[in-house]
Amino acid sequence: MQSDHFDLNRCIGALSLRFSSRLGAGASQEYHERFQIGVVEWRILCHLAVEPWSNVIAMANSIGLDKSSVSRALSGMEARGLVEMRDAARRKREANLTEAGLALHRQVLPIARAREAALLDGFSDKEFDQLLSFLHRLIINLPKVEEDAQSRADTETETA
């Protein structure tokens, strides 16, 4: 028999949002106090450290944010001398870390690694690999969630 309530403690969406919000808020506070950057800027630094001269779309997809948030962060980072911008094909702009940006990335990296180590305390290597696998599978399934929502919308439109 199904219950007439939705248990938020067993809801992946609610739990992942609670987790992400708390983790992001803590990181943002620490990074802002220590380095005058937020989580968005940190994610951009990480992305560009691995993929120099990336465009906004690639960064937004990689770090899971909308293009406007990435663009705003890049503007501030460019003003601070952390990134340099150039024009690319099809009216796109690309960004790369400057020496100052690379230096900031190297400063923040040990803090980020320590935060992750504290978060994963008590997890075995096997459990960590399983967790990553599960998270990647959930991300792969996200388009199915959108397709499901669209099929309901289509059905409601047909019956209206």
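Check the entry above for the structure.
This one's a predicted model, so the numbers in the text were calculated from it and none came from an experiment.

Chemist: Please provide a residue-by-residue account of the nonpolar core, values included.
Modeler: Burial of nonpolar side chains together is a common tendency in soluble globular proteins. If you look at the biggest cluster of nonpolar residues, it comprises 26 residues, and the most contacted ones within it are Tyr-31, Ile-37, Ile-44, Val-70 and Leu-74. Contributions of two or more residues to this core are made by helix H1 (12-35), helix H2 (39-50), helix H3 (56-63), helix H4 (67-79), strand S2 (83-87), strand S3 (93-97) and helix H5 (99-119). Among the elements that line this core, the one with the most residues is H2, at 5 residues. For Leu-74, the residues in contact, after removing those within four places along its chain, are Ile-44, Val-56, Met-59, Val-83, Met-85 and Ala-95.

Chemist: Hey, could you go over the sheet that holds S3 for me, with residue numbers and the actual values?
Modeler: In space, the 3 strands of this open sheet follow the order S1-S3-S2, with antiparallel pairing throughout. The sheet terminates laterally at strand S1 (54-55) and S2, the two strands that pair on one side only. Both S1 and S3 contribute to a ladder of 2 bridges, which runs antiparallel. Following the sheet pairing, Asn-55 is matched in S3 by Glu-94. Of the strands in this sheet, S1, S2 and S3 touch H2, which is tilted by about 90 degrees from S3.

Chemist: Before we move on, can you summarise the pattern of salt bridges with the specific residues and values?
Modeler: Summed over all chains, the structure comprises 5 salt bridges. For Arg-115, the salt bridge is made with Glu-30, and the minimal N-O distance between the two is 3.1 Å. Here Arg-115 is found in helix H5, whereas its partner Glu-30 is found in helix H1, with 85 residues between them in sequence. Through salt bridges with shared partners, one network takes in Glu-30, Arg-34 and Arg-115.

Chemist: How would you explain the packing of aromatic side chains if you had to name every residue and give the values?
Modeler: For any pair of aromatic rings, the description rests on two quantities: the centre-to-centre distance and the angle between the ring planes. One pass over the structure, following the stated rule, counts 1 aromatic pair. One Lys or Arg, Arg-86, reaches over the ring of Trp-53 and ends 4.0 Å from the middle of that ring.

Chemist: Just give me the short version of the side chain of Thr-98, but keep the residues and values in it.
Modeler: Within the element layout of this structure, Thr-98 appears in the loop between S3 and H5. Among the polar contacts made by the side chain of Thr-98, one reaches the main-chain carbonyl oxygen of Gly-81 at a distance of 2.5 Å.

Chemist: Describe the pairing of S3, and please don't skip the residues or the numbers.
Modeler: Two faces, one strand: in a regular strand the side chains alternate between the faces of the sheet. Of all the 5 residues making up S3, 4 are buried; the element is thus mostly covered by neighbouring parts of the structure. The pairing of S2 with S3 spans 5 bridges and is antiparallel. Residue Val-83 lies in a different strand from S3, and its bridge partner there is Leu-97. Hairpin connection from S2 to S3: 5 residues lie between these consecutive antiparallel strands, with Arg-90 at a positive phi of about 55 degrees.

Chemist: For the environment of Thr-155, give the residues involved together with the corresponding values.
Modeler: Its place among the elements puts Thr-155 in helix H6 (residues 125-159). For Thr-155, a relative accessible area of 45% translates into the label partly exposed. When the C-alpha atoms of Thr-155 and His-5 are compared, they prove to be 25 Å apart, with 150 residues separating the residues in sequence.

Basis of the calculations
- Residues numbered from 1 in each chain as written.
- Predicted model: local features only at pLDDT ≥ 70, side-chain atom pairs only at ≥ 80, totals over all residues.
- Heavy atoms only, no water.
- Core = buried A, V, L, I, M, F, W, Y, C linked by side-chain atoms within 4.5 Å.
- Buried < 20%, exposed > 50% of the residue type's maximum accessible area, 1.4 Å probe, protein only.
- Helix = DSSP H or I, 4+ residues; strand = E, 2+ residues; numbered from the N terminus.
- Contact = heavy atoms within 4.5 Å.
- Pairing = 2+ DSSP bridges.
- Axes fitted to C-alpha atoms, helices over the stretch in contact; angles between N-to-C directions.
- Salt bridge = Lys/Arg side-chain N within 4 Å of Asp/Glu carboxyl O.
- Phe/Tyr/Trp six-rings, centres within 6.5 Å; stacked < 30°, edge-to-face > 60°.
- Lys NZ or Arg CZ within 6 Å of the ring centre and 35° of its normal.
- Polar contact = N/O pair within 3.5 Å; in protein donor to acceptor, adjacent residues only side chain to side chain.

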